[in-house]
Amino acid sequence: MDLMAYRELVETLNIYSRAYYVHDESPISDSEYDTLYAQLIGIETAHPEWTAEDSLSRRVGGKPLENFKQIRHSEKLLSLDNAFSIEDIEGFMQRIKKELPEETLVFSVEPKIDGLTVALTYKEGILFQAATRGDGEVGEDVTDNVKTIRSVPLKLSQPLDLQVRGEVFMPREAFAKLNEIQEESGLQRYANPRNLAAGSLRQLDSKVTAKRPLSIYIFDVIGDVKERVTTHSESLKTLESLGFKVVKPTLCQSAQEILDVLEKTKLMRSDMTYDIDGMVIKVNDFGSRKTLGVKTKSPKWAVAYKFPAEEQMTEIIDITVHVGRTGVLTPRAELVPVEVAGSLIARATLHNQDYILEKDICIGDTVVIQKAGDVIPAVVRVLKERRKPNSVPFLIPENCPVCEAKTMRNAGEVAIRCTNPWCPAKNRRSIIHFCSKAAMNIDGLGEGIVDILIENKWIKDSGDLYTLAESEEKLKRVEGLGDKSVKNILAAIELSKSNDLKRLLTGLGIPFIGEKAAQNLARKFKNMEAIACASQLDLTETEEIGDKMAESIHIYFANPHHRQMIQKMKDAGVNTVSLEENLESGLLKGLTIVLTGSLERFTRDEAETIIDKMGGKTSGSVSKKTSYVVYGTGAGSKLQKAIDLGVKTMTEEAFYHWIGV
Ligand code: IVH
């Protein structure tokens, strides 16, 4: 590849990345994106001197820092005065009207993102420095960390000198996912998205930040752009066209219009994908802002309206315990139902025993619940003055509430786990996880069906799924299943046998081993047996596998029940080797393949990527030069043409079997 083609690849990847992280669009599949990214890294390894300023590879993080450098802000980062009521907002508007009696005032009303402020400096359009707000005058240099945030452009569409200010935050879904992992790993949950975002941005090792899916909304600019436009809303539009993800303002002219926006947002708040703690109301015109001026710490032209906390008072009727996939016992408060932020809440998480003790939560207590950022409602405090004499303290039981086996707390963990490897609750969750999209991706095997299979004693563990075909007739007799769905489920199970090792490893649900770790293990050890037999030391030599993970893998494979289950899978023909090498084998070199009909196992994009990785080419039309036509269900004219021309044809399944994926 020449330099021109490299630059084109950088630009293509940046377009896709911007579409995804700034505009929430997905123009290409993940695997296509991964292929392009792998190409980029390949070229940059061969030609490090080509590496562009705005290459995606610059986002991954370099060497850890010793400490953060202090940065004096070129222009102070002001804070905002708070308004807590409609009267406060009216007061703010009247003060402005008094100073500017002649002007038709326009206000920009925008979300106040609950994150942490950063100032990003660009020189000639290239991101030069990123600093935290600090005390408003001096902040910390977090440039390497900010570069890992995909919605921060490394290069602008014009070579401008400017500084933008914005709020870094963690989207709710990402926060919930990270907390799920913490919980399953027996570790303390993160308190809220804001703290986690702050902690992530202040990491000395930017590789850690790179793993935390942070995002940003820009709300202010100083420098080039400001001189070109006369209003705040125009400046945001210009920033957007330069490549920034900006807050969306609503322009209002009267107090009533502002109140309507506040009310509407308050109602929508719990459905938003990120946390906001209020709305900022700003004079839109830069000229008016100048006349109004600033006080020592805050401008006179803006105010932050803080939403009342989404809290509600209720009573704990009972505390129940839920057993998860890795056996973690999670206490839950069963509540007298109340409405919080638009939804009826009857249950709230109590996280773990330490949380219950720390907050001194008893059954029968009157408590304040809050709908926190991760949407799962939580008990935030007990109203002790209302405690009834008969309220009962709660301790997580010494025996599992489902199987009655002993529970145990490992040193250094907050989680208490059920010790029974065959605990039905744990087992049920494990099987559901095994079938899930991220693991073996067995279509149609959701919670409901898994329950039926377990209740009827047709399966005891995930290994038994592969002998389920023997029970086909019995399955068909289950109410609500029917011939067709049974056939589909069995076909999906059959198909999963040829999954890559990394899916199988993910599916085993070994504590601390998620998709990424499974992929690294599969790449290094190539087959399941090698992982099962590896020493802890060998395991820790794998990328991103630490001591705790290695120990967990060791414990997992030392368990005879787990070995038996894996043996059942092997006996049934489940693939236990890494197929990535097949991908690199160049098996399809020189061949042109036409895909037709609807493909089931992979999407068309994925199938094309696989063919491409194996050295083949795909084409949209059949000719004498076509090597193979691979067909799925509903194939029509292309398949017919292949037959007419004498071109070889094969089913989708036969094709995957042949190429070994
Ligand atoms: S404007 C001089 N707009 O709220 C004006 N701030 O309490 C500077 N914030 O430190 C702020 N969303 O970090 C502005 N849409 C928004 C905001 C916003 C969040 C933060 C900002 C500021 C704090 C003020």
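Summarised in this report is the structure supplied together with it. (Residues numbered from 1 in each chain as written. Predicted model: local features only at pLDDT ≥ 70, side-chain atom pairs only at ≥ 80, totals over all residues. Heavy atoms only, no water.)

Let us look at the sheet that holds strand β7 (residues 162-169). Strands sit in the order β5-β4-β7-β8 across an open sheet of four strands; the sheet is antiparallel. The sheet terminates laterally at β5 (126-132) and β8 (215-223), the two strands that pair on one side only. Ignoring which end each strand starts from, the neighbouring axes of this sheet average 25° apart. Bridge count between strand β4 (residues 116-123) and β5: six bridges; the pairing is antiparallel. Note on β5: the bridge partner recorded for lysine 123 is isoleucine 126. Docked against the sheet, helix α9 (residues 232-242) engages β7 and β8, running at close to 115° with respect to β8. (Pairing = 2+ DSSP bridges. Helix = DSSP H or I, 4+ residues; strand = E, 2+ residues; numbered from the N terminus. Axes fitted to C-alpha atoms, helices over the stretch in contact; angles between N-to-C directions. Contact = heavy atoms within 4.5 Å.)

Further remarks concern the site of the ligand. The immediate surroundings of the ligand are formed by 14 residues, with Glu110, Pro111, Thr117, Glu167 and Lys282 found nearest. A distance of 3.1 Å separates a nitrogen atom of the ligand from a polar atom in the backbone of isoleucine 113. Its free accessible area being 520 Å², the ligand has 90% of it covered by the protein chains. Broken down by secondary-structure element, the contributors of at least two residues to the shell around the ligand are β3 (107-113) and β10 (276-283). For the shell around the ligand, the element with the highest residue contribution is β3, accounting for four residues. (Near = heavy atom within 4 Å. Polar contact = N/O pair within 3.5 Å; in protein donor to acceptor, adjacent residues only side chain to side chain. Areas by Shrake-Rupley, 256 points an atom, 1.4 Å probe, with all protein chains shown as cover.)

Turning next to the packing of aromatic side chains. Aromatic rings in a pair are described by how distant their centres are and how their planes are angled relative to each other. Enumeration over the complete set of coordinates arrives at 11 aromatic pairs. Here the aromatic rings of tyrosine 122 and phenylalanine 244 are separated by 5.3 Å at their centres, their planes lie at 85°, and the arrangement is edge-to-face. Here tyrosine 122, found in strand β4, pairs with phenylalanine 244, found in the loop between α9 and β9 (250-252); they are 122 residues apart in sequence, far enough to count as distant. Take tyrosine 122 and phenylalanine 244: they sit in the same class, and that class is buried. When the centroid spacing of 5.2 Å and the interplanar angle of 55° are considered together, the rings of tyrosine 217 and tyrosine 274 count as tilted. (Phe/Tyr/Trp six-rings, centres within 6.5 Å; stacked < 30°, edge-to-face > 60°. Buried < 20%, exposed > 50% of the residue type's maximum accessible area, 1.4 Å probe, protein only.)

By themselves, these figures tell us nothing about what the structure is for.
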